[in-house]
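# Understanding the architecture of this molecule
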Amino acid sequence: MFSCNQYANGFLEAPDLKGLLNNIDDFEIDEDVTISTFSFPEIKRLGKRMEYILNNVLEKDSKYDLLASNIQLKSNSRTIGEIDYIIEDKKGNIIHLELATKLYLLDQSLSSDFVHQWIGPNRKDFLQLKLDKLKKHQFLMSETQEFKAYSSIHNIPTPTKKALLLKCQLFLPFNQKINLPQNFANCICGQWLTIKQFQENYNNCAFYLPEKKDWFILPEHNTFWLNKTEALHQIKDSHTRQFSPLVWIKTEENEYLKIFVVWW
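Below, the structure is looked at part by part.

Conventions used here
Residues numbered from 1 in each chain as written. Predicted model: local features only at pLDDT ≥ 70, side-chain atom pairs only at ≥ 80, totals over all residues. Heavy atoms only, no water. Buried < 20%, exposed > 50% of the residue type's maximum accessible area, 1.4 Å probe, protein only. Helix = DSSP H or I, 4+ residues; strand = E, 2+ residues; numbered from the N terminus. Pairing = 2+ DSSP bridges. Disulfide = S-S within 2.5 Å. Core = buried A, V, L, I, M, F, W, Y, C linked by side-chain atoms within 4.5 Å. Contact = heavy atoms within 4.5 Å. Axes fitted to C-alpha atoms, helices over the stretch in contact; angles between N-to-C directions. Parallel < 35°, antiparallel > 145°, perpendicular 65-115°, else oblique. Nonpolar A, V, L, I, M, F, W, Y, C, P; charged D, E, K, R; others polar. Arc of directions from axis to C-beta. 1 Å grid on protein atoms, 1.4 Å probe; cavity = no way out; pocket = protein on both sides within 12 Å on 5 of 7 lines; lining within 4 Å. Points joined across faces, edges and corners; volume = space filled by probe spheres on them.

Burial analysis of strand β9 (residues 246-250) places 4 of its 5 residues in the buried class, the great majority of the element. Pairing geometry for strand β8 (residues 206-208) and β9, over 3 bridges, is antiparallel. Residue Y208 lies in a different strand from β9, and its bridge partner there is W248. Where β9 and strand β10 (residues 256-261) come together, 5 bridges link them in antiparallel fashion.

Next comes the structure, spelled out in structure tokens:
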């Protein structure tokens, strides 16, 4: 339904959540980078589609040379991890780059620790867990003996820096004003609410429930819209599967909103 370039546009427009890991640089994409028309291989998962787009971006960005991507590291035929990208900048720095594309909802009932309050829409994913995995596993992959063996065979230099690109859409509780650190405030894309709150609001609007693989598409690219009764039926169906759908909204003023209607 959506073109590959619309996926790329959504990826590039998505905010970056920065400043979360010590000794890890925040990677920035050149604002002027352009992506030629392309088509996906057989990729359905959201994360893998975003990796493919960044691969295309890095190949077009004159500031970097893409040395390797999606490196599968194995020990005794068992995969122990993957390195997203090894790139070289114009200063000769070799960078181990990891990409993460995430959507989190703020639930202050979870913890008194701010970072622990961000949870996935289906309560299976946490920002803190992702950061722990990056720090304690993914970024250590370029220091393993398995990578050293791989780099020797494929003539890839040892990384001298590590960088993270965290494309992150954040959602606040419905109609709550919350003061946030600036790096988090920059990533607010919408609100989350219960089905009762949804029923009581957003009258005279049009709606669409994108598939998960489409969550980074910009809503204005959508051309097919539902009325509230139709949207509510789809939301209830998602909730029977304990799945919190993302809902795009087009208002009477042709403004576009994003919300999550949670099953919990």
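Under the definition given, this model contains 0 disulfides. Of the cysteine sulfurs around C189, a residue in no disulfide, the closest is that of C187, at 7.0 Å.

Core analysis: the largest hydrophobic core is formed by 41 residues, its most contacted members being F27, I53, L54 and L97. Contributions of two or more residues to this core are made by α1 (4-13), α2 (46-60), β3 (78-89), β4 (94-106), β6 (161-173), β8 and β9. With 6 residues, the single largest contributor to this core is α2. Once residues within four sequence positions are removed from consideration, F27 is found in contact with D16, L58, Y64, I87, L97, A163, L164 and L165.

Turning to the packing of α1 against α2, a few remarks are in order. Contact geometry of α1 with α2 gives a least axis separation of 10 Å together with a crossing angle of 85°. Classified by the angle between their axes, α1 and α2 sit roughly perpendicular to one another. Contacts from Y7, A8, F11 and L12 of α1 reach α2 at R49, M50, I53, L54 and V57. The class makeup of the residues in the contact of α1 with α2 is 8 nonpolar, no polar and 1 charged.

For the rest of this paragraph, the subject is helix α3 (residues 127-136). For α3, the complete set of buried residues consists of L127, Q128, K130, L131 and L134. Buried residues along α3 cover an arc of 160° about the axis, so they all sit on one side. Projecting away from the buried face of α3 at angles above 90 degrees are the exposed residues L129 and K136. Of the surrounding secondary structure, the elements contacted by the buried residues of α3 are β4, β5 (118-119), β6 and α5 (182-185).

Another point: unusual backbone geometry. Phi angles above zero are rare outside glycine, and N23 is one such case at about 65°. Its place among the elements puts N23 in the loop between α1 and β1 (25-26).

With that settled, consider the environment of Y150. Following the sequence through the fold, Y150 ends up in helix α4 (residues 145-154). Owing to a relative accessible area of 23%, Y150 belongs among the partly exposed residues under this scheme. Once the C-alpha coordinates of Y150 and N183 are considered, the two residues, 33 residues apart in sequence, prove to be 36 Å apart. Excluding its chain neighbours within four sequence positions, the residues that come into contact with Y150 are I71, L73 and I156.

In total, this model carries 1 cavity of 30 Å³ or more according to the counting rule given. For the largest cavity, the calculated volume is near 40 Å³. Taken together, L17, K18, G19, L20, L21, I24, D25, D26, L164 and L166 form the lining of the largest cavity. Of all the secondary structure elements, the ones that give two or more residues to the lining of the largest cavity are β1 and β6. For the lining of the largest cavity, the class distribution of residues is 6 nonpolar, 1 polar and 3 charged.

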